[in-house]
Amino acid sequence: MNELPQQLVNGLLLGSMYGLVAIGYTMVYGIVQLINFAHGEIFMTGAFGGLSVYLWILPNGTSMWIALPLMLLGAIIVAVLVAIGAERFAYRPLRGGPRLAPLITAIGLSLALQQAVWAWYPDAKSARTFPQIAGGPFEIGNVTIQTGDIFVFCAAPISMAILAYFVMKTRTGRGMQATAQDPDTAKLMGVNTDRIIVVAFALGATFAAVGGVAYGLKYGEIQFRMGFILGLKAFTAAVLGGIGNIYGAMIGGLVLGVAETLATAYISDIPGMDQFGSQSWADVWAFVLLILVLLFRPQGLLGERVADRA
């Protein structure tokens, strides 16, 4: 029990990253009902974009307090460009086609982005060291917080606050809500639905890029395959919270992160369950939680917000 506060903090950190990536899944699905399985790779390209700024643009020895905002900007630019390109050239031509076509395209795009980073980035086969913020760790009671963890704790609520303001208070945000409810009627009312969809992809990529930088700061390394499993878990978080529900995506990510961390930490203490508490079983428990939620509350924790377009 002495370890419980530390495990809860670890779970919240992990869940915050899931939530940042899950926002992109739920926004795109809520507007165009597309499961963008390449979104995990957008998260990955954002992380490599931030690393590229540090290695190739900034002078050697630049302080991380100066470098981090520039790395974050670079990560966002790379991720947004990839997302907008994917929407324009991969998904838009298939809009209105068979439902399986964009899904298969998303899987193919995911593999293509992995191979592109592997081919373009030096030594991408192995994990690349990500620069760290000096200082720490910090002790708060029984809880140890690394310097990189502070970025995650700050980035997640700030991102959610900015997104909530954008969706609820801006003209484009209201256009996104209208397009999600009924794109045909929104178009008749003068909403440029193509532009709204591009904005949704760009916003999702922005938060995925923030998550990619947070991942590098937390774990100290990134590699070109890192977006696949994390993307699946982020999609799981979006479903847990209620697909199409922006706030549900973050709540689902936090619940998933805490549940996964606690399961990994404590299941091995149960007699006969030693092997089920290893880190290799962490992914399994994430999907066990998803199955349980879908069995007892199929609409997700906060409920779906997807219009019926049948």
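It should be noted that the structure appears before, not after, this text.
Summary of the structure given here. (Residues numbered from 1 in each chain as written. Predicted model: local features only at pLDDT ≥ 70, side-chain atom pairs only at ≥ 80, totals over all residues. Heavy atoms only, no water.)

1. Observations concerning unusual backbone geometry
- We note that glutamine 33 has phi near 50°; this positive angle belongs to a residue other than glycine.
- Summarising the element assignment, glutamine 33 is placed in the loop between helix H1 (4–32) and helix H2 (39–57).
- A residue is classified by how much of its surface remains accessible, and glutamine 33, at 17% relative accessible area, is buried. (Helix = DSSP H or I, 4+ residues; strand = E, 2+ residues; numbered from the N terminus. Buried < 20%, exposed > 50% of the residue type's maximum accessible area, 1.4 Å probe, protein only.)

2. Side note on helix H11 (residues 282–296)
- Over its 15 residues, H11 extends 22 Å from the first C-alpha to the last, a length consistent with the 21 Å expected when each residue adds 1.5 Å.
- If you check which residues of H11 are buried, you get Ala282, Trp285, Ala286, Leu289, Leu290 and Val293. In an axial view of H11, the angular spread of the buried residues amounts to 145°, which keeps them on one side of the axis.
- The elements touched by buried residues of H11 are helix H9 (226–241) and helix H10 (246–266). (Expected span 1.5 Å × (residues − 1). Arc of directions from axis to C-beta. Contact = heavy atoms within 4.5 Å.)

3. Overview of the pattern of salt bridges
- The final tally for this structure, using the stated rule, is five salt bridges.
- With a closest N to O distance of 2.6 Å, aspartate 194 and arginine 95 form a salt bridge. Taken as a pair, aspartate 194 in helix H8 (residues 193–219) and arginine 95 in the loop between helix H3 (64–91) and helix H4 (100–120) lie far apart in primary sequence, 99 residues in all.
- In this structure arginine 95 comes out as partly exposed when scored by relative accessible area, which is 36%.
- Among the salt bridges present, the one from lysine 233 reaches glutamate 260, with a minimum N-O distance of 3.0 Å. Linking lysine 233 in helix H9 with glutamate 260 in helix H10, this pair joins segments that are 27 residues apart in sequence. With respect to burial, lysine 233 and glutamate 260 carry one shared label: buried.
- Several salt bridges converge on common partners, so that one network encompasses Glu87, Arg92, Arg95 and Asp194. (Salt bridge = Lys/Arg side-chain N within 4 Å of Asp/Glu carboxyl O.)

4. Regarding the environment of lysine 218
- Position of lysine 218 relative to the elements: it lies in helix H8.
- In this structure, the C-alpha to C-alpha distance between lysine 218 and leucine 14, residues 204 residues apart in sequence, is 9.3 Å.
- Setting aside residues no more than four positions away along its own chain, lysine 218 makes contact with Leu13, Met17 and Asp149.

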